[in-house]
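Survey of secondary and tertiary structure
Listed here are the chains, written in short residue letters.
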Amino acid sequence: MKRLKVALAGKPNSGKSSLFNQLTGLNQKTGNFPGVTVDKKTGIIRLDENIQAEIIDLPGIYSLYPRSLDEKIVAEIFSDRRNNYFPNKVILVADATNLQSSLLLLTQLIDLRLPTVLVLNMVDLAAKSGQNIDVIKLSQHLDLPVVLVNARTGQGIQELKKVLAGNIPVSRQKIYTLEKEITPAVDETKQHFKLESNYEAYQYLQQVENLSFLREEDKVFIGSLAAQYEFFPGKYQGAETIIRYQYIQDLLSKVVLKTADTEWKRFSYRIDKVLTHKVWGYLIFFSILFLIFQSIFAWAQAPMDFIDSTFANLSNLLRDVFPEGPFFDLITQGIIPGIGGILIFVPQIAILFAFIAVLEETGYMSRVVFLMDKIMRKFGMSGKSVVPLISGWACAIPAIMATRTIENWKDRLITIFVTPLMSCSARLPVYAILVALIIPDDKLLGFFNFQGIALMGLYLLGFLAAIVSAMVMKWIVKSNERSYLIMELPTYRMPKWSNVGLTILSKTRTFVFEAGKIILAVSIVLWVLASYGPAQQMNQAENAIDARINNNEVAADQRESLLMAYRLEHSYAGIIGKAIEPVIAPLGYDWKIGIALITSFAAREVFVGTMATIYSVGNTEDQTTIKSRLKAEINPDTGGPRFTTATGLSLLVFYTFAMQCMSTLAVVKRETNGWKWPMIQLAYMTALAYVSAFIVYQLFS
Amino acid sequence: MADLAKSVAQMVPGETAVIAGFITDELSNKLLEMGFLPGSVVKFNFKAPFGDPICVSISGYDITLRLEEAAMISILN
């Protein structure tokens, strides 16, 4: 069987992802393009009995000249025939309601001499707007196949597959003629790199800094050519765009019969009147935020409890089945709870991305960018930072990856930097137990629950910290790059539910694999630290506990859990916990809390489990047991309770601000290309957490 | 000369105008790619609540841009 590589290109909002979903269905894989952090979606489909095609979904772009990280990959793939993703055939998806700007990229693909099929999407909408497209004439003029598709219903997909399976000749059209002054340099480049088209060679000259496959000596070669012919990247680009648009407008005047009719847009404008209104617009936006917030808590609870208990049961079951030994302990106490600790976040992440996908599909997200841009700019971010910040409530990892659409480096960096301050779902179990411990379960005015208010306050605190930090960053970070917002506002439409489903699937998958591998690795390391210690003391565990039982200091039925607590105390984690006690004592913590702070680095919610173990609660399932045990804990120095209001508040503030997440640091490292920013972030957030917790503890004690 | 030319940023909701060119070269290629071609008609739709960014129509579709960017596009009037 023959396998083709087919690239799917087109501008944003052209229906490209819908078409990709129609072509591949559930048969898609997500990952990253090698070396760069750009989402890659591929899917293998069968075109006919003999031919398979690997469809590669490329980021949406208007032209080959890139501005954001996402866009660079497209120029890179199309101008490097040795690239793994260099396509045999290209599908260019065009929005028929807006052919002009959709065809700009097509004219570049034709000049690159790539065999391309033009797919016209949303022809029904174009017809409604009074545009009649002569498809046969369009195909003749462009000298390439044109297929009509409705990416929402799937009409035309079979026809497209048939065209892809057949022979697609390279269009003989030549659209852009290079400027005379540069042709000798283009010829030399073409010969030197043995390229197929002049325009490909021209891209080497135009994009020498963007094409990462070029080696140093290649860049030197191109640089000297450019100097010789007084060329610099960007020269002639404006002229080129105008010439291309002249060609397109000329073409469209021949193939599109247009009657002036904007009736179909009226509806969209009417919605905009309300949704971007200065009062209703914000009111609706904040109501939607509140709804998202509510549902993350309300709907995710049941599946989270289910995942929690399933993994606890599995772990217990296997402990009974397996023989004793360190290897099996690693599986039942290290790996299985580790995987459970990853999967427990899936419900919240899925729900959040369901909302975001629906809002994007309907076109509302662009309006959020429009509404929030001015406000966000005051804090050094852009309207496009809103989605990452909201995503931060579920998990910082997909949130930080969502910043890739922000073109300006400084805006993006600030957004990445402050997103982990948004209270993610891993903080919730910690908040829940501590709030229940120190805040009375009473109602204010018989209506507002104090614990609920405290919880809301913590989320607000994280949000305020993010906003204030962004403002500070705005002054500190220097950038010459201009920040801008030039973005299409798509017409409103009903969401396509299968697209929503596939988005949820791909985001969740990214989280499970991206964050998952690190959470798992860290939890195994921490399990080792918490289970092993200097042999001398660890071996005495049973003797020590038995001695206390014999002296009637403790009850015999608690032997097992006391043993666990003893081992944890004398493990390496316990030793570290004791070592950091002088540092954390001013915050109101003892070495037991110190151990929990350390184990929290796998994922913050591990705090709860560690507290349960160290206070020898035994059964970690039962929140009320942990709570009453923590409540009864006595501080030997004061004789009063260990978890006073001051200590509890101090811990809450610490968890709100501290960067206790290895996976986030790893993602920030990848997205900012180095350790500099994750290290600054770690230092900043730790300092912020420490100082704030210190102040809170000193104020309340 | 540059500050005498009227720009898209000075238009009012509902107004239409013809694009003359660009006041600065910065971002001009991005604006061109998005369809702000000299000679084409631009319509000012509405502003965001704080007056910035704005929404305009060009060749049949809607684009949002900040006043800073709008000020780079000169119009004939």
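Because the structure is a prediction, the values reported are computed rather than measured.

On to the overall build of chain A. Helices and strands together make up the secondary structure of chain A, namely 32 helices and 12 strands. Summarising its shape, the C-alpha atoms of chain A cover approximately 100 × 55 × 55 Å along the three principal directions. Each of the 701 residues in chain A was classed as buried or not, and the buried ones make up 45%. Relative to all contacts within chain A whose residues are 6 or more apart in sequence, the contacts with residues 24 or more apart total 72%.

Per the secondary structure count, chain B includes 2 helices and 6 strands. Going from N to C terminus, chain B has its helices and strands arranged as β-β-α-β-β-β-α-β. Its C-alpha atoms give chain B principal-axis dimensions of roughly 30 × 25 × 20 Å. When burial is assessed residue by residue, chain B has 48% of its 77 residues classed as buried. Taking the intrachain contacts of chain B between residues at least 6 apart in sequence as the baseline, contacts between residues at least 24 apart amount to 55%.

This next bit is on the pairing of strand β6 (residues 73–76) of chain B. Residue and element names in this part refer to chain B. Of the strand pairs in this sheet, strand β1 (residues 6–7) and β6 are connected by 2 bridges, and their pairing is antiparallel. Along β6, the bridge assignment pairs S7 with S74. With 4 bridges connecting them, strand β2 (residues 16–22) and β6 associate as antiparallel partners. Looking at the pairing, I19 lines up with I75 of β6.

The next subject is the interface of chain B and chain A. Between chain B and chain A, the residue contacts involve 27 residues of the former and 29 residues of the latter. Elements with a minimum of two residues in the side of chain B that touches chain A: α1 (28–33) and β5 (61–65) of chain B. Grouping the constituent residues of the side of chain B that touches chain A by class yields 14 nonpolar, 6 polar and 7 charged. Pairing of strand β12 (residues 486–488) of chain A with β5 of chain B, which is carried by 3 bridges, proceeds in the antiparallel orientation. Residue pairing for β5 of chain B: I486 of chain A is matched across the bridge by L65 of chain B.

Residues and elements named next belong to chain B. In terms of strand pairing, β2 meets strand β3 (residues 41–47) through 3 bridges, oriented antiparallel. Paired with T16 across the bridge in β3 is K43. Pairing of β3 with strand β4 (residues 54–58), which is carried by 5 bridges, proceeds in the antiparallel orientation. Each residue of the ladder has a partner; that of F46, found in β4, is C55. From the end of β3 to the start of β4, which pair antiparallel, there are 6 residues, and G51 there has a positive phi angle of about 85 degrees.

This brings us to helix α19 (residues 427–438) of chain A. Spanning 12 residues, α19 of chain A covers 17 Å between terminal C-alpha atoms, matching the ideal 16 Å at 1.5 Å per step. Turning to α19 of chain A, its buried residues number three or more, namely R427, L428, P429, V430, Y431, I433, L434, V435, A436 and I438 of chain A.

Okay, the confidence of the model for chain B next. In this model, chain B carries an average pLDDT of 87, and 94% of its residues clear a pLDDT of 70 or more. Considering each helix and strand of chain B separately, the mean pLDDT is smallest for α1 of chain B, with a value of 87, and largest for helix α2 (residues 67–70) of chain B, with 93.

Membership of the largest hydrophobic core comes to 212 residues, with the highest contact counts inside it found for L8, L92, L118, V119 and C395 of chain A. In this structure L92 of chain A touches A9, G10, L105, L106, L109, T116, L118 and V119 of chain A, once residues within four positions along its chain are discounted.

The next subject is the domain arrangement of chain A. Often, the extent of an interface is quoted as the loss of accessible area on bringing the components together. Residue and element names in this part refer to chain A. Examined at the domain level, chain A breaks down into domain 1 (2–165), domain 2 (180–235) and domain 3 (515–700). Summarising the inter-unit geometry, the C-alpha centres of domain 1 and domain 2 are found 27 Å apart. The partner domain 2 presents 11 residues to the 12 residues of domain 1 that form the contact. The element that contributes the greatest number of residues to the side of domain 1 that touches domain 2 is helix α2 (residues 69–78), accounting for 3 residues.

Residues and elements named next belong to chain A. Checked against the element boundaries, D143 lands in the loop between α5 (135–142) and β8 (146–149). On the neighbour-count criterion, D143 (12 C-beta atoms within 10 Å) is exposed. In sequence terms D143 and E76 are 67 residues apart; their C-alpha atoms lie 25 Å from each other. Apart from residues no more than four positions distant in its own chain, D143 is found in contact with S171, R172 and Q173.

The subject of this paragraph is helix α32 (residues 676–700) of chain A. An α-helix turns once per 3.6 residues; consequently, residues spaced three or four apart project the same way. All names here are of chain A. Here α32 contains 25 residues, and its C-alpha end-to-end distance of 36 Å stays within 8% of the 36 Å for a straight helix at 1.5 Å per residue. When α32 is considered as a whole, its buried residues turn out to be P678, Q681, M685, L688, A689, A693, V696 and Y697. Contacts made by the buried residues of α32 are with α18 (409–418), α20 (450–476), α30 (645–657) and α31 (662–671).

A sheet is described by the order of its strands in space; here 7 strands give the open sequence β12(A)-β5(B)-β4(B)-β3(B)-β2(B)-β6(B)-β1(B), paired in antiparallel fashion. The open sheet terminates on both sides in strands that have one partner only, identified here as β12 of chain A together with β1 of chain B.

Quick look at the packing of helix α13 (residues 326–343) of chain A against helix α21 (residues 497–531) of chain A now. All names here are of chain A. Two elements in contact, α13 and α21, have axes whose closest approach is 9 Å; the angle formed by their N-to-C orientations is 145 degrees. Crossing of α13 over α21 shows right-handed handedness. Contacts between α13 and α21 pair D329, L330, Q333, G334, I335, G338, I339, G341 and I342 from the former with V512, A515, G516, I519, L520, S523, I524, W527 and S531 from the latter. Classifying every residue of the contact of α13 with α21 gives 10 nonpolar, 7 polar and 1 charged.

Criteria and cut-off values
Residues numbered from 1 in each chain as written. Chains lettered and ligands numbered in written order. Predicted model: local features only at pLDDT ≥ 70, side-chain atom pairs only at ≥ 80, totals over all residues. Helix = DSSP H or I, 4+ residues; strand = E, 2+ residues; numbered from the N terminus. Buried ≥ 20, exposed ≤ 12 C-beta atoms within 10 Å, placed from the backbone. Contact = placed C-beta atoms within 7 Å. Pairing = 2+ DSSP bridges. Nonpolar A, V, L, I, M, F, W, Y, C, P; charged D, E, K, R; others polar. Expected span 1.5 Å × (residues − 1). pLDDT = per-residue confidence, 0-100. Core = buried A, V, L, I, M, F, W, Y, C linked by C-beta atoms within 7 Å. Domains from an automatic or database assignment. Axes fitted to C-alpha atoms, helices over the stretch in contact; angles between N-to-C directions. Left-handed = near helix turned anticlockwise from the far one by under 90°.

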